[in-house]
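Structural overview
Now for the letters of each chain:
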Amino acid sequence: MGPIILVGLGLALLVAMVALLIYGILQYLGTHPAFTARANPMALEDSQIPPAPRLEEHPAIEIQQLRAQENHILSTYGWMDKKTGVVRIPIDRAMELELERGFPTRKEAPKQ
């Protein structure tokens, strides 16, 4: 036989042996787990409630409540800080006052 045929047969035999070896290893690992998972010593046994902020249970209702609260704040008079005398006024009234008083503008730079 020629040397090329002998090298080819040797390679084919080597490939077959490696395939059988890999098959045997995979069969063994499939029936024997590599390790058993140990319990985490830091985990508590009972279930834990995650810290805030949590997912919203009813987002549509909660957004409606938030918008109602914001609309109430924007449309009523009230105290922001009673100690310093800071009050809030309805947004519509604030816009009317701003239009009456005029918006602040910058002074033009002197022309050179």
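Residues numbered from 1 in each chain as written. Predicted model: local features only at pLDDT ≥ 70, side-chain atom pairs only at ≥ 80, totals over all residues. Heavy atoms only, no water.

Quick notes on the environment of Pro 41
Relative to the helices and strands, Pro 41 is located in the loop between helix 1 (3-31) and helix 2 (59-75). Judged by relative accessible area, Pro 41 falls into the exposed class, the value being 75%. Along the primary structure Pro 41 and Tyr 23 are separated by 18 residues, whereas in three dimensions their C-alpha atoms are 37 Å apart. (Helix = DSSP H or I, 4+ residues; strand = E, 2+ residues; numbered from the N terminus. Buried < 20%, exposed > 50% of the residue type's maximum accessible area, 1.4 Å probe, protein only.)

Topic: the side chain of Arg 88
By the secondary structure assignment, Arg 88 is in strand 2 (residues 86-88). Put simply, Arg 88 is tucked away with no salt bridge, and the nearest opposite charge, on Asp 81, sits 12 Å away. Within the local environment of Arg 88, its side chain forms a polar contact with the backbone oxygen of Ile 73, the two atoms lying 3.2 Å apart. Leave out the neighbours within four places in its chain, and Arg 88 touches Ile 73, Thr 76, Tyr 77, Gly 78, Trp 79 and Met 80. (Lys, Arg positive; Asp, Glu negative; His and termini not counted. Salt bridge = Lys/Arg side-chain N within 4 Å of Asp/Glu carboxyl O. Polar contact = N/O pair within 3.5 Å; in protein donor to acceptor, adjacent residues only side chain to side chain. Contact = heavy atoms within 4.5 Å.)

Considerations on the pairing of strand 1 (residues 78-81)
The sheet contact formed by strand 1 and strand 2 spans 3 bridges and is antiparallel. Following the sheet pairing, Asp 81 is matched in strand 2 by Val 86. The hairpin formed by strand 1 and strand 2 contains 4 residues between the paired strands, and Gly 85 there has a positive phi angle of roughly 80 degrees. (Pairing = 2+ DSSP bridges.)

Things to note about a nonpolar patch on the surface
A cluster of nonpolar side chains, contributed by Val 7, Leu 11, Leu 14, Val 18, Ile 22 and Leu 26, occupies part of the molecular surface with about 560 Å² of accessible area. If you trace the backbone, Val 7 turns up in helix 1. (Patch = residues over 30% accessible without salt bridge, like charges linked within 9 Å, V, L, I, M, F, W, Y side chains within 5 Å. Areas by Shrake-Rupley, 256 points an atom, 1.4 Å probe, with all protein chains shown as cover.)

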